[in-house]
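Structural overview for review
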Amino acid sequence: MKDEALDRRRLLGRAGATAATLAAVGGAGALGAEPARGAEPEPAATGHDRDRLPRLFTHPVIGTWRGTVSRSDGEVEQTLLGFYPGGMFTAFTDGFHVAVGRWADRGDTRVTFGLWQVLPVDLYGRPHSYQGEVRALHEAELAGDTLVSRGVGKGIDLAGEVLLTVDVEVRATRFGLTLPGE
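What counts, and at which threshold
Within any chain, residue numbers begin from 1 and follow the written order of that chain's sequence. Under the rules for a predicted model, residues below a pLDDT of 70 receive no local features and side-chain atom pairs below 80 are neither given nor counted, while totals for whole chains, interfaces and linings still include all residues. Processing note: side-chain calculations cover all non-hydrogen atoms of the structure and skip hydrogens and water entirely. A run of H or I in DSSP counts as a helix once it spans at least four residues, and a run of E counts as a strand once it spans at least two, with each numbered from the N terminus. A 1.4 Å probe rolled over the protein chains alone gives each residue an accessible area, and that area as a share of the maximum for its type sets the label: buried under 20%, exposed over 50%, partly exposed in between. By the convention used here, residues are in contact when the closest approach between their heavy atoms is within 4.5 Å. All accessible-area figures derive from a Shrake-Rupley calculation using a 1.4 Å probe, and residue coverage is judged against the displayed protein chains alone. Only strands joined by at least two bridges in the DSSP assignment are considered to pair. The quantity called pLDDT is the predictor's confidence in a given residue, expressed from 0 to 100. Every axis corresponds to a line fitted to the C-alpha atoms, with the helix fit spanning only the stretch in contact, and the corresponding angles, defined between N-to-C directions, vary from 0 to 180 degrees. Put simply, buried Ala, Val, Leu, Ile, Met, Phe, Trp, Tyr and Cys residues joined by side-chain atoms within 4.5 Å make one nonpolar core. Here, a salt bridge means any Lys or Arg side-chain nitrogen found within 4 Å of an Asp or Glu carboxyl oxygen.

Looking at the overall build of the protein
In terms of regular secondary structure, the protein is built from two helices and eight strands. For the protein, the succession of helices and strands along the chain, N to C, is α-α-β-β-β-β-β-β-β-β. Counting across all 182 residues of the protein, residues that qualify as buried make up 27%. Put simply, of all contacts in the protein between residues at least 6 apart along the chain, 41% involve residues at least 24 apart. Just so you have it, the protein exposes about 12,200 Å², and 59% of that area is on carbon and sulfur atoms.

Following this line, the structure appears as structure tokens:
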């Protein structure tokens, strides 16, 4: 009975590793996939771009970062950023602000990332209704376990009109697997 449990765990572990590998390969394949109907086709990868593709899986930005978002309108928020292999990005910021996006390699210590999030009517409570979306584009610089990014965020209403534009700075530290003080 005990051996069966170990075999199941090994099988599930292998299945999980296989699924992760397929997702990574699928994500890489999606970079060269046909564009959706009506979308602008992306230019074909040239030699230089093709050389950078593997870095989407090994770039030092990959990981989880904890930091502070400072906006030009005086708002300051705490955030948790995730940069994933293949170029995906997420951010969880004060309240119910969840953003998704993409990041791109710009060198050994630089990345660009763009994000999108829904814009709730009540910025500080549970979101019951939305007034639009937020889009932002950042340029980030890495120095060891520190990330500093600067960008511009735009709040856009449901009709597509820009509600606000703010300059944004993020200062973050890599979040590891140990608890503070260990």
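Now that the structure is up, let's keep going.
Looking at the pairing of strand β4 (residues 97–105)
By the alternation rule, side chains of β4 split into His-97, Ala-99, Gly-101, Trp-103 and Asp-105, which are all buried, and Val-98, Val-100, Arg-102 and Ala-104, of which none is buried. Judged from the six bridges that link them, strand β3 (residues 88–93) and β4 form a sheet pairing that is antiparallel. Paired with Phe-92 across the two strands is Val-98, which belongs to β4.

Some details on the confidence of the model for the protein
When pLDDT is averaged across the protein, the result is 77; 67% of the residues are at 70 or more. Every residue in residues 5–45 is under pLDDT 50, and counting partners more than four places away or in other chains gives eight contacts.

As for the sheet that holds strand β8 (residues 162–174)
On the basis of which strands lie adjacent, the closed barrel formed by eight strands has the order β1-β2-β3-β4-β5-β6-β7-β8 and antiparallel pairing. For this sheet, the mean inter-axis angle between neighbouring strands, taken without regard to orientation, is 25 degrees. The sheet contact formed by strand β1 (residues 63–71) and strand β2 (residues 76–83) spans eight bridges and is antiparallel. Bridge pairing in β2 places Ser-70 opposite Val-76.

Here we look at the nonpolar core
Among the nonpolar cores identified, the biggest contains 21 residues, and Val-61, Trp-65, Leu-81, Phe-83, Phe-89, Trp-103 and Leu-147 are the most heavily contacted of them. Only β1, β2, β3, β4, β5 (110–120), β6 (130–143) and β8 provide two or more residues apiece to this core. Apart from the residues within four sequence positions on either side, Val-61 is in contact with Phe-83, Trp-103, Val-111, Leu-142, Leu-147 and Arg-174.

Focus: the pattern of salt bridges
Enumeration according to the criterion identifies nine salt bridges in this entry. Between Arg-55 and Asp-108 there is a salt bridge whose closest N-O contact spans 3.3 Å. Highlighted residues: Arg-55 in the loop between α2 (47–52) and β1 and Asp-108 in the loop between β4 and β5, separated in sequence by 53 residues. Taking relative accessible area as the criterion, Asp-108 reaches 57% and is therefore assigned exposed. For Glu-139, the salt bridge goes to Arg-110, with nearest N and O atoms at 3.5 Å. With Glu-139 in strand β6 and Arg-110 in strand β5, this pair connects stretches of sequence that are 29 residues apart. For Glu-139, a relative accessible area of 40% translates into the label partly exposed. On the accessibility criterion, Arg-110 (35% relative accessible area) is partly exposed. One continuous salt-bridge network, built from bridges that share partners, spans Arg-55, Asp-105 and Asp-108.

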